[in-house]
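Structural overview
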Amino acid sequence: MSLPIHFAPLQGYTDDTYRRLHHELMGGVSTYYTPFVRMEAGSVRSKDMRDIRPEFNEGVPVVPQIIAKSMKEFEYLVGVVEEKGYTRIDFNMGCPFPMQAKHGRGSGLLAQVDIVAEMAKAMSEKKHLQFSVKMRLGWEDKDEWKPVLEILNETPLQQIALHPRIGTQQYKGTVNMEAFEEFYKACKHPLIYNGDLTTLEDIRRIESAYPNLAGIMIGRGLLARPSLAQEYASGKEQSWTERRKPLLEMHQRMMEHYQQTMNSESQLHNKLRTFWEYMEEELGRKPYKKLMKAGNLKNYLLAVREI
């Protein structure tokens, strides 16, 4: 029996349109997480508010994700998400990007144990809501997770997803499986593995090595091969011919959607190009380069037809 696959969010890529179409045309994902809802200039960004609107996520198993550096931000964002009718919230303590982490959000929060303890207490008190946490080993130190996990182990959480890198690595270097093993043994909650999974063999290796895992989380790997979760769920690797048809249909329907919302061909071109940015290996170097180098929408669409 296969483990549940969770689709990790990536800002600028996995918006509500992408999630809806992926769920309909690709499948295999048990839960989609929204790019994190955050504070900017004292309020929530309008694009974040739009992305979590229930009418834009109808029929999709979606969980809003929030990111915060303080109790004030945390309480405000929980309220915003709750007002939209959600009863499950994912809290991001894993984002490695310096613009967030250096301000104490994401993986930058992991060294702020007192603040984590306050937030965990608030989660415990909000019994009408379910919380989960996405985290890394730390921001600068691979052992920063230890006092944090002591707190989280006593907090009623649905799950913890761990990416076993430190924040300052971003996505460079290798995942620290020795540290993951230690976390795996110490964690009292259902644990989700996240990090560097791009093939069926990668998923099966982790599944086999850690039989008590509750699930697998994939972000970049699903952007690189959108059929990956479905292939894992079915137990069968698809041929390129099988993968190509839903891939092109997904792109076509994204284009039809964005044609109604984008203000110019240039804006549409730039948005559509993000669909392929992680797919060099899937498409092959020559078709990929042709897509990326297309200077306008017309040449871009000619390159798409040659895939």
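Thresholds, definitions, all that
- Residues numbered from 1 in each chain as written.
- Predicted model: local features only at pLDDT ≥ 70, side-chain atom pairs only at ≥ 80, totals over all residues.
- Heavy atoms only, no water.
- Axes fitted to C-alpha atoms, helices over the stretch in contact; angles between N-to-C directions.
- Helix = DSSP H or I, 4+ residues; strand = E, 2+ residues; numbered from the N terminus.
- Parallel < 35°, antiparallel > 145°, perpendicular 65-115°, else oblique.
- Left-handed = near helix turned anticlockwise from the far one by under 90°.
- Contact = heavy atoms within 4.5 Å.
- Nonpolar A, V, L, I, M, F, W, Y, C, P; charged D, E, K, R; others polar.
- Core = buried A, V, L, I, M, F, W, Y, C linked by side-chain atoms within 4.5 Å.
- Buried < 20%, exposed > 50% of the residue type's maximum accessible area, 1.4 Å probe, protein only.
- Phe/Tyr/Trp six-rings, centres within 6.5 Å; stacked < 30°, edge-to-face > 60°.

**With respect to the packing of helix α3 (residues 71-83) against helix α5 (residues 113-125)**
- Between α3 and α5, the shortest axis-to-axis distance is 10 Å and the interhelical angle comes to 30 degrees. Here α5 runs roughly parallel to α3, going by the angle between their axes. You can see that α3 and α5 cross each other, and the crossing is right-handed. Within the contact between the two elements, α3 uses M71, F74 and E75 and α5 uses E118, M119, A122 and M123.
- Grouping the constituent residues of the contact of α3 with α5 by class yields five nonpolar, no polar and two charged.

**With respect to the nonpolar core**
- Formed by 90 residues in total, the largest nonpolar core has its most connected members in F74, F91, M93, M135, L213, I216 and W276.
- Per-element tally for this core: the top contributor is α3, with six residues.
- Not counting residues within four places of it along the chain, the set of residues in contact with W276 comprises L247, L248, H251, L283, Y288, L291, M292, Y300, V304 and I307.

**Some remarks on the side chain of T17**
- Here T17 lies in helix α1 (residues 16-25).
- Discounting residues that sit within four places of it in the chain, T17 has contacts with M254, H257 and Y258.

**Here we look at the packing of aromatic side chains**
- Per the counting criterion, the structure on display carries 13 aromatic pairs.
- Aromatic pair Y13 and Y278: ring centres 5.3 Å apart, planes at 70 degrees, arrangement edge-to-face. One end of the pair, Y13, is in the loop between β1 (5-7) and α1; the other, Y278, is in the loop between α12 (265-273) and α13 (280-283), with 265 residues separating them in the sequence.
- Here the aromatic rings of F180 and Y210 are separated by 4.9 Å at their centres, their planes lie at 80 degrees, and the arrangement is edge-to-face. Of this pair, F180 sits in helix α7 (residues 177-186) while Y210 sits in the loop between α8 (200-209) and β11 (215-218), and the two are 30 residues apart along the sequence. With respect to burial, F180 and Y210 carry one shared label: buried.

The values reported here are purely geometric and, on their own, carry no functional implication.
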